[in-house]
Protein chains: 2
Amino acid sequence: MQRRKIAIMGFGTVGGGAYDILTSNREYILSTQGLDIEVAAVLDRTSAPLVAHGVDSKIFVGDIDKLASDPEIELVVETMGGVEPAKTFIEKLLSAGKSGVTANKELLAKHWSELEQTAKAHGSGLYFEASCVGGVPIIRALGESFQGDKIQSIYGIINGTTNYILSKMSGERLDYHNALTQAQHLGFAEADPTSDVEGYDAAYKLSILASLAFHTCVPYTCIYREGITKITSQDISNAHALGYEIKLLAIGTRDGNAVEARVHPVFVPSAHPLASVSGAYNAVYLNGDHVGDLMLYGAGAGAHPTGSAIVSDVIKGLKGKPEYCDFDNTGKLDKDIDFVGDFISGYYISLTVDDKTGVLSKISTVLSDNGVSIKSAIQRTGQAENTATLLFLTHRAREHAVMRALGTIGKLATVRRIDSMIRVL
Amino acid sequence: MQRRKIAIMGFGTVGGGAYDILTSNREYILSTQGLDIEVAAVLDRTSAPLVAHGVDSKIFVGDIDKLASDPEIELVVETMGGVEPAKTFIEKLLSAGKSGVTANKELLAKHWSELEQTAKAHGSGLYFEASCVGGVPIIRALGESFQGDKIQSIYGIINGTTNYILSKMSGERLDYHNALTQAQHLGFAEADPTSDVEGYDAAYKLSILASLAFHTCVPYTCIYREGITKITSQDISNAHALGYEIKLLAIGTRDGNAVEARVHPVFVPSAHPLASVSGAYNAVYLNGDHVGDLMLYGAGAGAHPTGSAIVSDVIKGLKGKPEYCDFDNTGKLDKDIDFVGDFISGYYISLTVDDKTGVLSKISTVLSDNGVSIKSAIQRTGQAENTATLLFLTHRAREHAVMRALGTIGKLATVRRIDSMIRVL
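Residues numbered from 1 in each chain as written. Chains lettered and ligands numbered in written order. Predicted model: local features only at pLDDT ≥ 70, side-chain atom pairs only at ≥ 80, totals over all residues. Heavy atoms only, no water.

Draft legend 1. Focus on the sheet that holds strand β2 (residues 36–43) of chain A. Residue and element names in this part refer to chain A. Taking strand neighbours across the sheet as the criterion, the 6 strands line up as β3-β2-β1-β4-β5-β6 in an open arrangement whose pairing is parallel. At either end of the open sheet lies a strand with only one pairing partner, and these are β3 (60–61) and β6 (126–127). In the sheet, β2 pairs with β3 via 2 bridges, with the strands oriented parallel. Counted as the bridge partner of V42 is F60 from β3. Along the sheet, helix α2 (residues 26–33) makes contact with β1 (3–9) and β2, crossing β2 at roughly 135°. (Pairing = 2+ DSSP bridges. Helix = DSSP H or I, 4+ residues; strand = E, 2+ residues; numbered from the N terminus. Contact = heavy atoms within 4.5 Å. Axes fitted to C-alpha atoms, helices over the stretch in contact; angles between N-to-C directions.)

Draft legend 2. A look at the domain arrangement of chain A. Residues and elements named next belong to chain A. With domains assigned, chain A is organised as domain 1 (3–131), domain 2 (139–300) and domain 3 (344–424). Between the C-alpha centres of domain 2 and domain 3 the distance comes to 26 Å. In this assembly, 15 residues from domain 2 lie in contact with 12 residues from domain 3. Together, the buried faces of domain 2 and domain 3 total about 1,200 Å²; carbon and sulfur atoms form 53% of this surface. Summed over the shared surface of domain 2 and domain 3, the result is 7 residue pairs in polar contact (both at pLDDT 80 or more). Of all the secondary-structure elements, those providing two or more residues to the side of domain 2 that touches domain 3 are α12 (233–242), β9 (244–255) and β10 (258–269). Top contributing element to the side of domain 2 that touches domain 3 by residue count: β10, with 6 residues. The residue makeup of the side of domain 2 that touches domain 3, split by class, is 8 nonpolar, 3 polar and 4 charged. (Domains from an automatic or database assignment. Buried area = accessible area lost by both parts, 1.4 Å probe. Polar contact = N/O pair within 3.5 Å; in protein donor to acceptor, adjacent residues only side chain to side chain. Nonpolar A, V, L, I, M, F, W, Y, C, P; charged D, E, K, R; others polar.)

Draft legend 3. Just the sheet that holds strand β2 (residues 36–43) of chain B, in detail. Residues and elements named next belong to chain B. Strand order in the open sheet formed by 6 strands is β3-β2-β1-β4-β5-β6, with parallel pairing between adjacent strands. If you trace the sheet from one side to the other, it starts and ends with β3 (60–61) and β6 (126–127), each paired once. As defined by bridge partners, strand β1 (residues 3–9) adjoins β2 across 7 bridges and the pair is classed as parallel. Note on β2: the bridge partner recorded for K5 is E38. Taken strand by strand, helix α2 (residues 26–33) contacts β1 and β2, and its axis lies near 135° from that of β2. Against the sheet, helix α13 (residues 303–319) engages β1, β2, β4 (73–78), β5 (99–102) and β6, with an angle of about 155° to β4.

Draft legend 4. View of the packing of aromatic side chains. Following the criterion strictly, the structure yields 18 aromatic pairs over all chains and no others. Aromatic pair W112(A) and F128(A): ring centres 5.2 Å apart, planes at 70°, arrangement edge-to-face. Of the two residues, W112(A) sits in helix α6 (residues 105–122) while F128(A) sits in the loop between β6 and α7 (138–144), which places them 16 residues apart along the sequence. Exposure class is identical for W112(A) and F128(A). Each is buried. Their ring planes at 5° and their centres at 5.0 Å tell us that Y281(B) and Y297(B) sit as a pair that is stacked. With Y281(B) in strand β11 (residues 281–288) and Y297(B) in strand β12 (residues 292–299), this pair connects stretches of sequence that are 16 residues apart. A relative accessible area of 24% places Y281(B) in the partly exposed class. We classify Y297(B) as buried; its relative accessible area is 7%. The rings of W112(A), F128(A) and F327(A) are connected pair by pair, giving a single aromatic cluster. (Phe/Tyr/Trp six-rings, centres within 6.5 Å; stacked < 30°, edge-to-face > 60°. Buried < 20%, exposed > 50% of the residue type's maximum accessible area, 1.4 Å probe, protein only.)

Draft legend 5. Region of the structure containing the environment of P137(A). Relative to the helices and strands, P137(A) resides in the loop between β6 and α7. With a relative accessible area of 4%, P137(A) lands in the buried category. Distance in space between the C-alpha atoms of P137(A) and L296(A) is 7.8 Å, their sequence separation being 159 residues. P137(A) has contacts with E129(A), L296(A), S145(B), F146(B) and L294(B), leaving out every residue within four places of it along the chain.

Draft legend 6. Examining the state of the cysteines more closely. All names here are of chain B. Counting across every chain of the model gives 0 disulfides over all chains. C222 provides the cysteine sulfur closest to C217, a residue in no disulfide bond, and the two sulfurs are 7.8 Å apart. Lacking any disulfide linkage, C325 is separated from the closest cysteine sulfur, that of C217, by 9.2 Å. A relative accessible area of 16% means that C325 is categorised as buried. (Disulfide = S-S within 2.5 Å.)

Draft legend 7. Spotlight on α2(B). Listed in full, the buried residues belonging to α2(B) are Y28(B), I29(B), T32(B) and Q33(B). One face of α2(B) carries all of its buried residues, which in axial projection span an arc of 95°. Projecting away from the buried face of α2(B) at angles above 90 degrees are the exposed residues E27(B) and S31(B). Of the surrounding secondary structure, the elements contacted by the buried residues of α2(B) are β7 (151–157) and α11 (200–214) of chain A together with α1 (13–24), β2 and α13 of chain B. Where α2(B) terminates, the next one or two residues include G34(B), which has phi positive at roughly 70°. (Arc of directions from axis to C-beta.)

Draft legend 8. Structural context of the side chain of S170(B). Relative to the helices and strands, S170(B) is located in helix α8 (residues 160–172). Setting aside residues up to four positions removed in sequence, S170(B) forms contacts with I236(B), H240(B) and E245(B).

Draft legend 9. Layout of the pattern of salt bridges. Per the counting criterion, the structure on display carries 44 salt bridges over all chains. In this structure, K105(A) and D201(A) form a salt bridge, with 3.7 Å as the shortest nitrogen-oxygen distance. In this pair, K105(A) sits in helix α6 while D201(A) sits in helix α11, placing the two residues 96 residues apart along the sequence. Here R26(B) makes a salt bridge to D36(B), at a shortest N to O gap of 2.8 Å. Here R26(B) is found in helix α2, whereas its partner D36(B) is found in strand β2, with 10 residues between them in sequence. (Salt bridge = Lys/Arg side-chain N within 4 Å of Asp/Glu carboxyl O.)

Draft legend 10. Here's a closer look at the interface of chain A and chain B. With 42 residues of chain A in contact, the opposing surface of chain B contributes 42 residues. In total, about 3,500 Å² of surface goes out of reach between chain A and chain B, with carbon and sulfur atoms giving 51% of it. When the area that chain A buries against chain B is broken down by residue, the three leading residues are Y28(A), Q147(A) and H290(A), summing to 19%. On inspection of chain A and its partner chain B, the count reaches 20 residue pairs in polar contact (both at pLDDT 80 or more). Breaking the side of chain A that touches chain B down by element, the ones donating at least two residues are α1 (13–24), α2, α7, β11 (281–288), β12 (292–299) and α13 (303–319) of chain A. With 7 residues, β12(A) is the single largest residue contributor to the side of chain A that touches chain B. Alignment of β12(A) against β12(B), held across 5 bridges, turns out to be antiparallel. From the neighbouring strand, G298(A) faces β12(B), where its bridge partner is L294(B).

Draft legend 11. The packing of α8(B) against helix α9 (residues 176–185) of chain B, seen in detail. Residue and element names in this part refer to chain B. Running from N to C, α8 and α9 cross one another at 125°; their axes reach a closest spacing of 9 Å. Taken as axis vectors, α8 and α9 run oblique relative to one another. The chirality of how α8 crosses α9 is right-handed. When α8 is examined against α9, the residues Y164, I165, K168, M169 and E172 are found in contact with a partner set consisting of Y176, A179, L180, Q182 and A183. In terms of residue class, the contact of α8 with α9 is made up of 7 nonpolar, 1 polar and 2 charged. (Parallel < 35°, antiparallel > 145°, perpendicular 65-115°, else oblique. Left-handed = near helix turned anticlockwise from the far one by under 90°.)

Draft legend 12. Representation of the relation of the copies chain A and chain B. The transform that puts chain A on chain B rotates by 180° and translates by 0.0 Å along the axis, for an RMSD of 0.0 Å. The relationship between the two copies is best expressed as a two-fold rotation axis. No C-alpha of chain A lies nearer the rotation axis than that of L296(A), which sits 2.3 Å from it. (Least-squares fit on C-alpha atoms with pLDDT ≥ 70 in both.)

Draft legend 13. Up close: the packing of α6(A) against α11(A). Residues and elements named next belong to chain A. One way to put it is that α6 packs onto α11 with a least axis distance of 8 Å and a crossing angle of 55°. Comparing the axis directions of α6 and α11 gives the class oblique. Note that α6 runs across α11; the crossing there is left-handed. On α11, the residues touching K105, E106, L108, A109, K110 and W112 of α6 are D201, Y204, K205, S207, I208, S211 and L212.

Shown next as structure tokens:
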């Protein structure tokens, strides 16, 4: 049995996880897949991460050109993260005819088409199951299952950090800042949490998933994005009282040539399968025109779940021949596709108003004048003196109409504050 | 673009569903997959099902030999169900070099190895995503994801009929017979429901799934099987009171060379993702040594969800080259594998006893003498005069020890009846 040699670039958490699986299950992979896979080189800035991981530093490589010119290395795993130098390095390797396996959603969201052109030009493979939703095989499913279905919608909880924070806020009644601090303490959130809590990470992943699902380029720059930093404990307890959980959802829909792509907090009905996806778990809920509703659920991040997806791609890359996107992935938008900004949704609106006669009536009139129909309204005594809190759930309405209505409502003399506006599934 | 011609054998619900998808999404499949797929022939006993479905009866074929000898047909979908004549027909087609796509779990569970030998001998492909769990891509996932993982366990709700019945019993407090009648009325259960309610259907599917997951032949004859016919409304309400739902689970585990495979009702904790899989939905919950816990959820049956899986296989079959099992699938058991009958589980036990001093103590002693440790016990006034109901939840114990204890308990003079014994997840 010939050894198949691969390399890992970037030996952090995920790179180390992939290494662990490839070494601890090497015999198992040989017996079940007929492949004897050897991690023959690890590229990093120094050999320190290898030493810390107990890996023989003789496989350390500090120079990308040395890796690119090594004829024995067939495939390289990229777990460096970030755009550069990952992009330059992968392009060198793809150009040298080596296949690439990457967990790098930011790089893919920003430069997928360039990487794919390079891979195509040199007959190299590019695999990225690990870039979205850790060990959950959503990329494989979108490519190799339900190919006969038009995928109509994807609703994903695809960012572990925000789901951890929202679960803590929901389960332990922590406020956002305490939940974030706890998440940082436990390694579920980074010191600078912006990419996660502002929804960038989810938007990168949605760009990849929606492009595959809808067979058209859905650039992350076309994705409406709103994070979780404004969600309050009060929103969470209002959600519970109304029968909902708040989740950061990545939503993609396609109806004919109309595509929606957005990342924002959502009131999810408690009975919906996504409502009970909590902690560091992730899930993608999708609907095909024939297969109906489907959900894939699992660990969205972590060294070994993500490592498992990488190893699956390594095996696919070593066994099969490269396949490329079934849509025009040259970075140009399909001119027939209409990206819908004025989408339709239900809305939860919370206002602090003067506790005076006629306020509810005035606000209801503004909503109604804008074509926004109220599903339920609750008035409560406000926290400050002489104030009331008004909570509305609307029927499905157009985003722009709701924004227009809120613009008018915010200027009413009797309205002290628009506390929250959260979309409802 | 060259047309690719296929045929469908057996034009019932599922065959018709596959036909619908292939025709309504033909242009879509052409544009996204680059395949122009034509259903060029439909085999059935008469042309009546075609006419009823609005299909031109000129593509009707009544004779398998005519289909097998048609050089233009590359691939045949088998949606006849049952062992014969499906087996003979598929073997003829595979022998003629045509690939086969089947939704037939019974045929696979009983004759997989023979079909695969025939396919291998003639270079034909054999695809069966539709045989297990409708549109849920569990076969694809087991073959093409987590290949680097040792799958340690599979817990599946993989029979739609029983899940529908148990959900009705749970949600609407129907007894088993009323729920069954309703399921039959709505087409969720057959006139003779034995294959579903006694767990045969789930055992066929588990045989296929466990063989793929554990890379060894797990014959359905080695699967412990117990249906849902003895589940009472009282069991369901006791389960609810204790924080559980009752589900018919197909369970497969592998630990080294020890394999467990069983189908029986289980108390599933309400917070477990499988507890909320209800109605006609199905799900498979699995654990890999690196990927951790994963769940795939979706419609477990129905014309279009199952048709979707068939179409996915048709596309795979027309695009790729045949692949065969990565384990010895010649029908022989691996002599190193030990099928575990004396498995370990928690248990729910319900007894009707004389309402006398010392009964609880006596029964506890028998359990304890057999090494079965009680987790919780509830004593209630029984329904008949001078009786009490005793409910036990045990800690994890060996199956045989519990059976031995129940044998002794059943013979105690003060025990009127063993009402139920249901395993606990």
